[in-house]
Amino acid sequence: MMMPSIFGENLFNDWMDFSFPDVDRKLYGKHVDRIMKTDVREKEDAYEVMIDLPGFKKEEVKIELKNGNLTIHAAKTLDKEEKKEGKYIRQERYSGNMSRSFYVGENVKVQDVQAKFENGILTLDIPKKDPKKPVEENHYVTIM
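Just so you know, these numbers come straight off a predicted model, no measurement behind them.

Chemist: Got a sec to walk through the nonpolar core? Specific residues and values, please.
Modeler: Counting residues in hydrophobic clusters, the biggest one holds 16 residues, and the most contacted among them are Ile51, Leu53, Ile72 and Leu124. Setting aside residues up to four positions removed in sequence, Ile51 forms contacts with Met36, Lys37, Thr38, Ile72, Phe102, Gly120, Ile121, Leu122 and Leu124.

Encoded structure:
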């Protein structure tokens, strides 16, 4: 059954769904299909971050660490040859760019982060690093 929508969101979503609330839609809005679903687990000496990237290949994912921010970029394009054969009636596979950032601290270096991509899940091991304690400065003027 087709439902009326305004700006790509279902008009009846909020009041017709009594027993199964659409939690993802409430959290992420109409772009829920473009969000990297992520689990973060704390271990003794590290954090394990697991990111769902179904349909992506390892070559389509880039990880950047800059100024304490770890950013995961993923870009997917559908093959042009696929589109030549026939006319699509419905197309639901994602094509485009997405990214997600996490602040991991200034002390984490690129060589400290371990990454593995298997079965559409990117797993990152990020070590816990204590922040450098600032050196206390003397704020008093010396009297001569």
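So, next bit.
Chemist: Residue-level account of the sheet that holds strand 6 (residues 69-76), with values.
Modeler: Spatial ordering of the open sheet is given by 5-6-7, a layout of three strands whose pairing is antiparallel. Strand pairing shows two members of the sheet lacking a second neighbour, strand 5 (61-66) and strand 7 (96-103), which therefore form its edges. Adjacent strand axes in the sheet meet at a mean angle of 15 degrees when their direction is disregarded. In terms of strand pairing, strand 6 meets strand 7 through eight bridges, oriented antiparallel. Its bridge partner lying in strand 7, Ile72 is registered against Arg100.

Chemist: Hey, could you go over the side chain of Thr123 for me, with residue numbers and the actual values?
Modeler: Mapping Thr123 onto the fold places it in strand 9 (residues 121-127). According to the relative accessible area criterion, Thr123 is buried, its value standing at 15%. Among all residues touching Thr123, those that are not within four sequence positions of it are Glu48, Val49, Met50, Gln114, Ala115 and Lys116.

Chemist: Which residues make up the packing of aromatic side chains, and what values do they have?
Modeler: Per the counting criterion, the structure on display carries zero aromatic pairs. The ring of Tyr47 is capped by Lys128, whose NZ or CZ atom sits 5.3 Å from the centre of that ring.

Chemist: Which residues make up the sheet that holds strand 4 (residues 46-52), and what values go with them?
Modeler: Spatially, the four strands line up as an open sheet ordered 3-4-9-8, and their pairing is antiparallel. Each edge of the open sheet is held by one strand with a lone partner, namely strand 3 (38-42) and strand 8 (114-118). Taken pair by pair, the neighbouring strands of this sheet meet at an average axis angle of 15 degrees, ignoring direction. In the sheet, strand 3 pairs with strand 4 via five bridges, with the strands oriented antiparallel. Within strand 4, the residue paired with Val40 across the bridge is Val49.

Calculation criteria
Residues numbered from 1 in each chain as written. Predicted model: local features only at pLDDT ≥ 70, side-chain atom pairs only at ≥ 80, totals over all residues. Heavy atoms only, no water. Core = buried A, V, L, I, M, F, W, Y, C linked by side-chain atoms within 4.5 Å. Buried < 20%, exposed > 50% of the residue type's maximum accessible area, 1.4 Å probe, protein only. Contact = heavy atoms within 4.5 Å. Pairing = 2+ DSSP bridges. Helix = DSSP H or I, 4+ residues; strand = E, 2+ residues; numbered from the N terminus. Axes fitted to C-alpha atoms, helices over the stretch in contact; angles between N-to-C directions. Phe/Tyr/Trp six-rings, centres within 6.5 Å; stacked < 30°, edge-to-face > 60°. Lys NZ or Arg CZ within 6 Å of the ring centre and 35° of its normal.

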